[in-house]
Amino acid sequence: MTNNYGAEQIQVLEGIEHVRKRPGMYIGSTGPRGLHHLVYEVVDNSVDEALAGYCKNIDVTLNEDGSVTVVDDGRGIPTDIHPRTGKSALETVLTKLGAGGKFGEGGGYKVSGGLHGVGISVVNALSQWVEVTVWRDGKIHTQRFERGIPQGDLQMKPGAGDRTGTSVTFLPDSTIFTGGIEFDYATLAGRLRELAFLNGGVRIAFLDNRAKATEGGEAHSETYFYEGGIREYVTYMNREKNALHEEIIYVQGERNNVQVEVALQWSADAYTDNLLGFANNIRTIDGGTHLEGLKTVLTRTLNSLARKRNKLRDDDKLAGENIREGLTGVISVKVPDPEFEGQTKTKLGNTEVRGIVDSLVGEVLTEYLEFRPGVADAIIEKALEAFRAAEAARKARELVRRKSVLESSTLPGKLADCSTRDPSESEIFIVEGDSAGGSAKQGRDRRFQAILPLRGKILNIEKTDDAKIYKNTEIQALITALGLGIKGEEFEASQLRYHRIVIMTDADVDGAHIRTLLLTFFYRYQRAMVDQGFVYIACPPLYKIERGRNHYYCYSDRERDQITSGFPENAKYEIQRFKGLGEMMPQQLWDTTMNPETRTLKRVEIEDAAEADRTFTVLMGDRVAPRREFIETHGSKLNLTDLDI
Ligand code: 0RA
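Bear in mind that the values here come from a model prediction, so they are computed numbers and not experimental data.

Q: Just to check I follow, could you spell out unusual backbone geometry for this structure?
A: Peptide bonds are mostly trans, and most non-glycine residues show a negative phi. Positioned with a positive phi, N280 is a non-glycine residue whose angle comes to about 50°. Topologically, N280 is positioned in the loop between strand 12 (274-279) and strand 13 (282-283). Its relative accessible area of 3% is what places N280 among the buried residues. Of note, the phi angle at N281 is positive, near 70°, even though the residue is not glycine. With respect to the secondary-structure elements, N281 resides in the loop between strand 12 and strand 13. N281 sits in the buried class, given a relative accessible area of 3%.

Here you go:
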């Protein structure tokens, strides 16, 4: 026994040490993403307890000292002492790698969330300290850890009464996280809300007490509780759209231990599809077998229904895209042994899921629509409209295709290409107008930087059907210059001619509008290029301050004020305001905005797909009132990450 005990302890210490030495292996990164992952990891344990049917409430609190507390009313982490190690189960869960909720045989969970499924021990190892409280068997159990190491044994005292549950408070270790340890409210709120949608009936309360640390600061709180689960998720995503049918179509079932839940609603005034996939509560950005199964069954069911109702001529067939036009949907599956594939491990690979989704959804959907011919006809009519528009677009597209095949070397005339042919080291700057284009062309490093000037505002893709899109010259230029395929078709990263697509617009209202139009275009035309991180935004300076022989470029008003306030009282200096990129000397543009050594680029990241979809609908769609309100209250919800590359 003592032998085992010693060996076990050494293993535990080595485990903690390894996590601290190689945090990226466990939480993906030591940047903001990894930091937020700590919270998700702890919350996932509580959600698992809720999925097992034992927990209803989860409270997440950001504390004044920078720590986070997650409290649930589940059964509480087991506290009994393991006869061999002499340690409590709680200590084991917190210190032993891979000893999360899955270790108990009978008490273990069917499925477990967590992108890496690494468990609380990893959070513990990467925290300056952790304090755990468990209410169980009428007692209050507590234990404290520092950098993963228990500070004394589990303490126990009476006083829990009937209460059961777990509280975990942790302060991330600032020596581990490179971008600091400050949590972003919107990021956490988005994920917590998503979890509440995915696990209907679980109440997640989010409380931000950090502002209390400053005088006059106020706490901020929200509660996410959706009894309708993913049905409410779809309602939420569609709240700015006009529904084609009132009731959300909902399917729920289980086969071979795979649980499937699907919620669908078509909108009259939307022309793209917005299907979100989740496996074990993890957003599957790259899709996978659950989404494949859903798409297949939608296409089959609606075609057969359309034929039955005499809506299809001869051997016409509605394509999947036709049927999905204007569709908002969520599919959430729970799989016992999920396989996550692809570079980002966000593609569900389990092949059995495809058929399970297909058959479960097929049965329910067919019956649902047979009993509601009005709904069926509305969806079929919408798909037929899309089908006809697609025919027209095909002709226009053939033009583009023929053009790009015939003149495969003829890139758009105004493109100033770079000399390297290696996309991985190539960049393209998309700029507004010829004068900015001129400065950029002269300022660039032509070996790896290409410039594409666009004339005026590009077409608003949100309001345009496919046929018109392909006829537009600016869009044609973008498609051929970047090497994009056909709208909505599988994104081929290997065809991309540049791996950094940089939007470089003026720092004014017009520039912001053109930037939004371009982002909307990329997002709606081939969302994967945004998801996979190929799109960037350049950050040109707003001011140049000259004082004697020194000069400073400032990228915000605040920076300008900071610099000038650092000058002595009677200092003489001049401030030049750049009204547009075209006003900058080529060398200036290079130094401040284009030179990889000195510039700041922001990579466009879509953290919250549902929110992004709504953002584009609101910003670029037809309904004016929500747009005004949105701009007034939110600004832009796209997450732009600073990257100095
Ligand atoms: C292992 C086994 C059991 C529950 C848990 C872990 C558990 C872990 C966490 C982490 C946060 N909240 C949690 N709630 C529960 C089952 C215990 C039993 O059978 O009573």
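Q: So what exactly am I meant to see when it comes to the packing of aromatic side chains here?
A: Each aromatic ring pair is summarised here by two numbers: the centre-to-centre distance and the angle between the ring planes. Enumeration over the complete set of coordinates arrives at ten aromatic pairs. Ring geometry for Y185 and F206: centres 4.7 Å apart, planes at 20°, overall stacked. Placement of the pair is Y185 in helix 6 (residues 185-198) and F206 in strand 8 (residues 203-208), with a sequence separation of 21 residues. As far as burial versus exposure is concerned, Y185 and F206 are alike and both buried. Ring geometry for Y233 and F278: centres 6.2 Å apart, planes at 35°, overall tilted. On the criterion of sequence distance, the pair formed by Y233 in helix 7 (residues 230-237) and F278 in strand 12 is long-range, its members being 45 residues apart.

Q: Any chance you could explain the pattern of salt bridges here in plain terms?
A: Side chains that differ in sign of charge can pair as their charged atoms come close. The full count for this structure, using the stated rule, is 26 salt bridges. With a shortest N-O distance of 3.9 Å, K311 and E381 are connected by a salt bridge. A residue pair is termed long-range when its members are at least 10 positions apart, and K311 in the loop between helix 8 (289-308) and helix 9 (320-324) and E381 in helix 11 (residues 373-406) qualify at 70 residues. Relative accessible area serves as the criterion here: at 27%, K311 is assigned to the partly exposed category. Look at E381 and you get partly exposed, because its relative accessible area is 35%. With its nearest N and O atoms 3.0 Å apart, the salt bridge here joins K414 to E474. Here the residue K414 occupies a position in the loop between helix 11 and strand 17 (427-432), and E474 occupies one in helix 14 (residues 473-482), the gap between them amounting to 60 residues. On the basis of relative accessible area, K414 is assigned to the partly exposed category, the value being 24%. Sharing partners across several salt bridges, the network here consists of R309, K311, D377 and E381.

Rules used in this analysis
Residues numbered from 1 in each chain as written. Predicted model: local features only at pLDDT ≥ 70, side-chain atom pairs only at ≥ 80, totals over all residues. Heavy atoms only, no water. Helix = DSSP H or I, 4+ residues; strand = E, 2+ residues; numbered from the N terminus. Buried < 20%, exposed > 50% of the residue type's maximum accessible area, 1.4 Å probe, protein only. Phe/Tyr/Trp six-rings, centres within 6.5 Å; stacked < 30°, edge-to-face > 60°. Salt bridge = Lys/Arg side-chain N within 4 Å of Asp/Glu carboxyl O.

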